[in-house]
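# Fold and contact review
Chain by chain, the residues:
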Amino acid sequence: MRLDKWLKVSRLIKRRTVANEACDAARVTANGRPVKASYDVKEGDVLEIHFGERALRVEVLQVSEHVGKNDAPAMYKELR
């Protein structure tokens, strides 16, 4: 699944266009390297997303096309 779509489905970023812009601005890294929105997300990937001053590190646990609002947090595990 494309990175921008995964970020939207997992509800880490609210809109796919915003996720796309974050990737274009190199604010998203996968396994330590900057990636584009078309990056193919796989289970086990470690993503780091920069929101201004704050950075969020997550490990991808699940890749799924459609997930309910309550099940979205099960798609990733927050790392320190």
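Preceding block: the structure.
Quick summary incoming for the structure in this document. (Residues numbered from 1 in each chain as written. Predicted model: local features only at pLDDT ≥ 70, side-chain atom pairs only at ≥ 80, totals over all residues. Heavy atoms only, no water.)

Considering the arrangement of structural elements, one finds S64 in the loop between β4 (54–60) and β5 (76–79). On the basis of relative accessible area, S64 is assigned to the buried category, the value being 19%. Polar side-chain contacts of S64 include one of 3.5 Å to the backbone oxygen of H66. (Helix = DSSP H or I, 4+ residues; strand = E, 2+ residues; numbered from the N terminus. Buried < 20%, exposed > 50% of the residue type's maximum accessible area, 1.4 Å probe, protein only. Polar contact = N/O pair within 3.5 Å; in protein donor to acceptor, adjacent residues only side chain to side chain.)

Moving on, we come to the pairing of strand β3 (residues 46–51). Within a regular beta strand, the side chains point alternately toward one face of the sheet and then the other, so they alternate between its two faces. Pairing analysis gives 3 bridges linking strand β1 (residues 28–30) to β3, with the strands arranged antiparallel. By the bridge assignment, V28 is partnered in β3 with I49. As paired strands, β3 and β4 are joined by 6 bridges and run antiparallel to one another. Counterpart to H50 in the pairing with β4 is A55. Once β3 ends, the chain turns through 2 residues before running back antiparallel as β4, passing G52 with a positive phi of about 60°. (Pairing = 2+ DSSP bridges.)

One can find A37 in the loop between β2 (33–34) and β3. Along the sequence, A37 and L3 sit 34 residues apart, while their C-alpha atoms lie 5.2 Å from each other. For A37, the contacting residues outside a window of four places in its chain are R2, L3, D4, N20 and C23. (Contact = heavy atoms within 4.5 Å.)

Strand pairing in a sheet relies on backbone hydrogen bonds. The paired strands run either parallel or antiparallel. Here 5 strands make up an open sheet; going across it, the order is β2-β1-β3-β4-β5 and the pairing antiparallel. The sheet is open, and its two edges are formed by β2 and β5, each paired on a single side.

In this structure the tally under the stated criterion is 4 salt bridges. Salt-bridge contacts for E65 lead to K5; the nearest nitrogen and oxygen are separated by 2.6 Å. Linking E65 in the loop between β4 and β5 with K5 in helix α1 (residues 3–9), this pair joins segments that are 60 residues apart in sequence. A residue is classified by how much of its surface remains accessible, and E65, at 42% relative accessible area, is partly exposed. Salt bridges sharing common partners tie together R2, D4 and R16. (Salt bridge = Lys/Arg side-chain N within 4 Å of Asp/Glu carboxyl O.)

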